Amino acid sequence: MENKNIKWDSIFYGRAWVANIIETIQKKDVLQSFYLRRYLMRAMMAGFIISIITIFTLMIKATFSPDIPSGLVSMIASIAFSFALVLILFTNSELLTSNFMYFTVGLYYHLIKPSRVLKIFLLCFLGNAIGAALLFGLMRMTDVMTPEMTQLLNDVVHTKTVTHSFQNILVRAIFANFFINISLVIAMQIDDILAKIFVMMFGVTIFAFMGYEHVVYNACLFVGMLYYNISGLELGHVIKNIIAAFVGNYIGGGLIIGLFYAYLNDHGQFKIIKNQNK
């Protein structure tokens, strides 16, 4: 029998954590329902940011690889890539993979219908991809992307699409979004800005250094290939990667983190919310 005298907020994150998630979900749902273009623009900004940071990391690798051991270069580039999540969160941009966690919590508490969640996911992914297309379109008019950077882009895309199997991508994607969203969960409990930034950065650094699969990052890479080496894309393998990474990211961020913490923080204190939304 459950002990009603236990103060669950002192054991788990409790009411404040779920209330924060619920408020975020409701804002996102209203935004995409009544201000579709603004929601799409927020998603585009996230894709734009990830793409420009991707080019930054390619430049780091191309510049330092001849002089520094490859492992150290990869770690530096991974830390640099973690700047993307910080920029996305503090600009209130819309990133698909963090929405996996938020809206799974909303589904658990019956705050939103599955059809609306799917619509938001697809809109967000579309916006992320458009943002990447805009960034690489602008970058194509410059000489920022050197031949060495283009070769690095080709190599990483070939590995992600052709070399890796569906199962390999799926499991890597689970771990990628696990680390991203566990960092978000921890950051939500911290008030100090610098501490928040550090927590968000270490989760992304781990997934980037380990070579895990992030569906939006991968989509940005594929968009970049459309501008720099479209012949290097194999459609079947690209689709394989997007599907496996999408599903894996949802499992890692939506189920392992979102559903897990929604259940842990539900001890009857939200029955009113559930009943009102049935």
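That block above? That's the structure.
Calculation notes
Residues numbered from 1 in each chain as written. Predicted model: local features only at pLDDT ≥ 70, side-chain atom pairs only at ≥ 80, totals over all residues. Heavy atoms only, no water. Core = buried A, V, L, I, M, F, W, Y, C linked by side-chain atoms within 4.5 Å. Buried < 20%, exposed > 50% of the residue type's maximum accessible area, 1.4 Å probe, protein only. Contact = heavy atoms within 4.5 Å. Helix = DSSP H or I, 4+ residues; strand = E, 2+ residues; numbered from the N terminus. Phe/Tyr/Trp six-rings, centres within 6.5 Å; stacked < 30°, edge-to-face > 60°. Salt bridge = Lys/Arg side-chain N within 4 Å of Asp/Glu carboxyl O.

Remarks on the nonpolar core
And step 1. By size, the foremost hydrophobic cluster in this structure holds 78 residues, and its most contacted members are Trp17, Ile21, Ile50, Leu96, Phe103 and Met145.
And step 2. Setting aside residues no more than four positions away along its own chain, Ile21 makes contact with Met101, Tyr102, Val105 and Met188.

Some remarks on helix 4 (residues 83-90)
And step 1. Taken together, the buried positions of helix 4 are Ala84, Leu85, Val86 and Ile88.
And step 2. Tucked into the core, helix 4 has its buried residues touching helix 2 (36-64), helix 3 (70-81), helix 8 (166-187) and helix 9 (193-210).

What about the side chain of Ser78?
And step 1. Tracing the backbone shows Ser78 in helix 3.
And step 2. Among residues more than four places away in sequence, those in contact with Ser78 are Thr205, Ala208 and Phe209.

Here's the deal with the environment of Glu148
And step 1. With respect to the helices and strands, Glu148 occurs in helix 7 (residues 147-163).
And step 2. A residue is classified by how much of its surface remains accessible, and Glu148, at 49% relative accessible area, is partly exposed.

Describing the packing of aromatic side chains
And step 1. Throughout the structure, instances matching the rule amount to 14 aromatic pairs.
And step 2. Ring centres of Phe178 and Phe179 lie 5.4 Å apart, and the angle between their planes is 80°; this geometry places the pair in the edge-to-face category.
And step 3. Summarising the aromatic geometry, the rings of Phe179 and Tyr212 are spaced 6.2 Å apart at their centres and angled 5° between planes, so their arrangement reads as stacked. In this pair, Phe179 sits in helix 8 while Tyr212 sits in the loop between helix 9 and helix 10 (215-228), placing the two residues 33 residues apart along the sequence.

Points about the pattern of salt bridges
A side chain of one charge can pair with a side chain of the opposite charge when the charged atoms of the two come close.
And step 1. For the coordinates displayed, the defined rule picks out five salt bridges.
And step 2. A salt bridge links Asp29 to Arg116, with the shortest nitrogen-to-oxygen separation between them at 2.8 Å. Of the two residues, Asp29 sits in helix 1 (residues 14-34) while Arg116 sits in helix 6 (residues 114-139), which places them 87 residues apart along the sequence.
And step 3. Asp29 sits in the buried class, given a relative accessible area of 15%.
And step 4. The class of Arg116 is partly exposed, set by a relative accessible area of 32%.
And step 5. Residue Lys160 pairs with Glu213 through a salt bridge whose shortest N-O separation is 3.2 Å. Of the two residues, Lys160 sits in helix 7 while Glu213 sits in the loop between helix 9 and helix 10, which places them 53 residues apart along the sequence.
And step 6. Looking at Glu213, the relative accessible area reads 0%, which means it is buried.
And step 7. Taken together, the shared-partner salt bridges in this structure form one network comprising Lys28, Arg42 and Glu94.

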